[in-house]
Amino acid sequence: MGVFEEDDSVRVSTLVKLWVFEGLLKPMNDKSLETIAIEFLKDLVDRNLILVGEVGSTGNIKFVKIHDLLRDLCLSQSKKDGFYHVIGQSSPRGISSQRRVVIPRNTPKKKVLDDLQSMSRARCIISEHGASCVLRIPVDIPIAGMGGIGKTTLAKTVYSKKIIEQRFDVCAWATISQKYNTREILCELVSEATKKSKEQLSEKSEDELGLELYQYLSGRRFLIVMDDMWSIEAWDRIQRFFPENENYSRILVTTRLSHLSSQLNNNYSLQMEFLDEVRSWELFSKIVFGVGSCPHELEKIGKKVVENCRGLPLSIVVVGGILRNREHTLGVWESIRKNLASEVNLENDKNCMKLLKMSYNRLPFYLKPCFLYMGVFEEDDSVRVSTLVKLWVFEGFLKPMNGKRLETIAIEFLKDLIDRNLILVEIKWGLQET
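Just so it is clear, the model here is predicted, and its values are computed rather than measured. (Residues numbered from 1 in each chain as written. Predicted model: local features only at pLDDT ≥ 70, side-chain atom pairs only at ≥ 80, totals over all residues. Heavy atoms only, no water.)

### Notes on the pattern of salt bridges
Selection rule: The salt bridge criterion pairs a side-chain nitrogen of Lys or Arg with a carboxyl oxygen of Asp or Glu, the two atoms within 4 Å. Helical segments are the DSSP runs of H or I of at least four residues, strand segments are the runs of E of at least two, and each set is numbered from the N terminus. Under the scheme applied here, a residue whose accessible area is under 20% of the maximum for its type counts as buried, over 50% as exposed, and between as partly exposed, the area being computed with a 1.4 Å probe on protein chains only.
As enumerated under the stated definition, the model contains 14 salt bridges in all. Put simply, Glu184 and Arg11 hold a salt bridge, and the shortest N to O gap is 3.8 Å. Taken as a pair, Glu184 in helix 7 (residues 182-194) and Arg11 in strand 1 (residues 10-11) lie far apart in primary sequence, 173 residues in all. The class for Glu184 is partly exposed, based on a relative accessible area of 22%. Here Glu39 makes a salt bridge to Lys31, at a shortest N to O gap of 2.9 Å. On the basis of relative accessibility, which here comes to 32%, the residue Glu39 falls in the partly exposed class. Judged by relative accessible area, which is 32%, Lys31 ranks as partly exposed.

Okay, here's the thing in structure tokens:
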């Protein structure tokens, strides 16, 4: 537990994966390693060595943390026993907070901004389920499109606009995902809306959180963004906690499922389209050359590379990240183009995965384990940089180079993965997270 920062809440599923991955657990009585890990965790909790951060509605422990004094004991005892290398206590610096996601011109963001400020709003939808009916509040702006097409990027760009902050009294964002937890979603929304920490809300039940959210939003003009929704059931569980203020409050949802967007609002949906040739080239050029321009001798082959990305922003960003870090010569670019051309007949999702695989294959050998390690974290988890650095060092992924500290090397590796568009940067409450 000493590898985590003081006061960090650690997701139990992530901690279990780390313990298993480290080989700290051995099979016993035909139990799975995950079951053994949970039993060990409960034992440490019962001994008051690990604190419970959050409990789920079924009574399962969701998040844990460690007291600062016990963390100090972990660090000192681990160093004494040679259990792992202890990193310096200073927080890593150098991940730029100025990094922005590039949005090509002529994207639908102006339309979304206009819709968020419009006066009209759809009436309630009556959805039939067999002999029963469900009264469903419509989502004002469902944004639909395949993975990697830029739904979340568009929503974040609009959400961060100054005009949005000025128009709405309350703005809150929650990520849903396929395996959603209603209580966790409500906790996220209440925390974002009221600025309370999740620790302050840890004792509240799902209904208590829902009531607090409803009461706080009542009478206020609010904007709620629910990102990556996969089922209408998720919306039906949450919608009852949004008051009908009739003051031009707005709800925005992103989803990969077009049929879900029509269920959320049967009159309006924003369907994200593939980028055309011009916008694809603009995005590619910004990723590869920044404010510069493409050399004339590379433009023809560069446009062939972009053509093979078939207008999917994520594909363009990933391929651009590869070429940005490669030598800008015809030979290198032709090699990339041929690899892309061999995958051009695949379906969009498979094509995108192949492009990501190519990006991974071209990583230097020393970056591959650092990138693969990200798979132990849950989908949409924000990971504190200082924690990630300690885990990389603990795993032995980093070796001393040129007299640099391992912490410094880790930050350089992290920046490299970010520059290749394989890891996203997220800033929350002034903290630097990935």
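### A look at the sheet that holds strand 6 (residues 141-144)
Test applied: By the convention used here, strands pair only if DSSP detects at least 2 bridges between them. Contacts: residue pairs with any heavy atoms within 4.5 Å of one another. Structural elements are reduced to axes, namely lines fitted to C-alpha atoms, with helices fitted over the stretch in contact, and the angle between N-to-C directions of any two is expressed from 0 to 180 degrees.
One open sheet holds the 5 strands; their spatial order is 7-8-9-6-10, and the pairing between them is parallel. Of all the strands in the sheet, the pair left with one neighbour each is strand 7 (170-175) and strand 10 (270-271). Strands strand 6, strand 7, strand 8 (222-229), strand 9 (250-255) and strand 10 of the sheet are contacted by helix 5 (residues 151-159), whose axis makes an angle of about 160° with strand 7.

### Some thoughts on the packing of aromatic side chains
Selection rule: Here the aromatic set is Phe, Tyr and Trp, taking the six-membered ring for Trp, and pairing holds for ring centres within 6.5 Å; pairs whose planes are under 30 degrees apart are stacked, those over 60 apart are edge-to-face, and all others are tilted. Sitting over a ring, as applied to charges here, requires NZ of Lys or CZ of Arg to be within 6 Å of the ring centre and within 35 degrees of the ring normal.
Applying the stated criterion across every chain, the model contains 10 aromatic pairs. Members of the aromatic cluster, connected to one another through ring pairs, are Trp281, Phe284, Phe289 and Trp333. We note Arg220 situated over the ring of Tyr216; from NZ or CZ to the ring centre the distance is 4.1 Å. Sitting over the face of the ring of Trp281, Lys303 holds its NZ or CZ atom 5.5 Å from the ring centroid.

### Considering the sheet that holds strand 1
Spatial ordering of the open sheet is given by 1-3-2, a layout of 3 strands whose pairing is antiparallel. The two strands at the open ends of the sheet, each matched to only one other strand, are strand 1 and strand 2 (51-55). In this structure, strand 2 lies alongside strand 3 (residues 61-65), joined through 4 bridges in antiparallel fashion. If you follow Val55 over to strand 3, its bridge partner there is Ile61. Sheet strands touched by helix 7: strand 1, strand 2 and strand 3. Its angle to strand 2, the strand with the most contacts, is close to 100°.

### Let's talk about helix 18 (residues 406-419)
Applicable threshold: What a helix is expected to span follows from its residue count: subtract one and scale by 1.5 Å.
In a regular helix each residue adds 1.5 Å, so 14 residues correspond to 20 Å; helix 18 covers 20 Å between its end C-alpha atoms and thus fits that length. Among the residues of helix 18, those classed as buried are Leu406, Glu407, Ile409, Ala410, Ile411, Phe413, Leu414, Asp416, Leu417 and Ile418. Where helix 18 is buried, its residues meet helix 16 (368-372) and helix 17 (385-395).

### Digging into the pairing of strand 3
Put simply, side chains in a regular strand alternate between the two faces of the sheet. Where strand 1 and strand 3 come together, 2 bridges link them in antiparallel fashion. Paired with Arg11 across the bridge in strand 3 is Phe63. Where strand 2 hands over to strand 3, the hairpin turn is made up of 5 residues, of which Gly59 adopts a positive phi near 95°.

### Describing the side chain of Thr14
With respect to the helices, strands and loops of the structure, Thr14 is situated in helix 1 (residues 12-22). Excluding anything up to four places from it in sequence, Thr14 contacts Val376, Phe377, Glu378 and Asp381.

### Notes on the nonpolar core
Just so we agree on the cut-off: In this description, a nonpolar core means a group of buried Ala, Val, Leu, Ile, Met, Phe, Trp, Tyr and Cys residues linked to one another through side-chain atoms lying within 4.5 Å.
Within the largest apolar cluster, 41 residues are counted, with the highest numbers of intra-cluster contacts made by Tyr373, Phe377, Trp392, Leu398 and Leu417. At the level of elements, helix 1, helix 2 (33-46), helix 17 and helix 18 are the ones that each hand at least two residues to this core. For this core, the leading source of residues is helix 18, giving 8 residues. Apart from residues no more than four positions distant in its own chain, Trp392 is found in contact with Cys370, Tyr373, Phe397, Leu398, Ala410, Phe413, Leu414 and Leu417. The next biggest cluster of nonpolar side chains, apart from the first, holds 29 residues, and it includes Leu217, Met229, Ala234 and Trp235.

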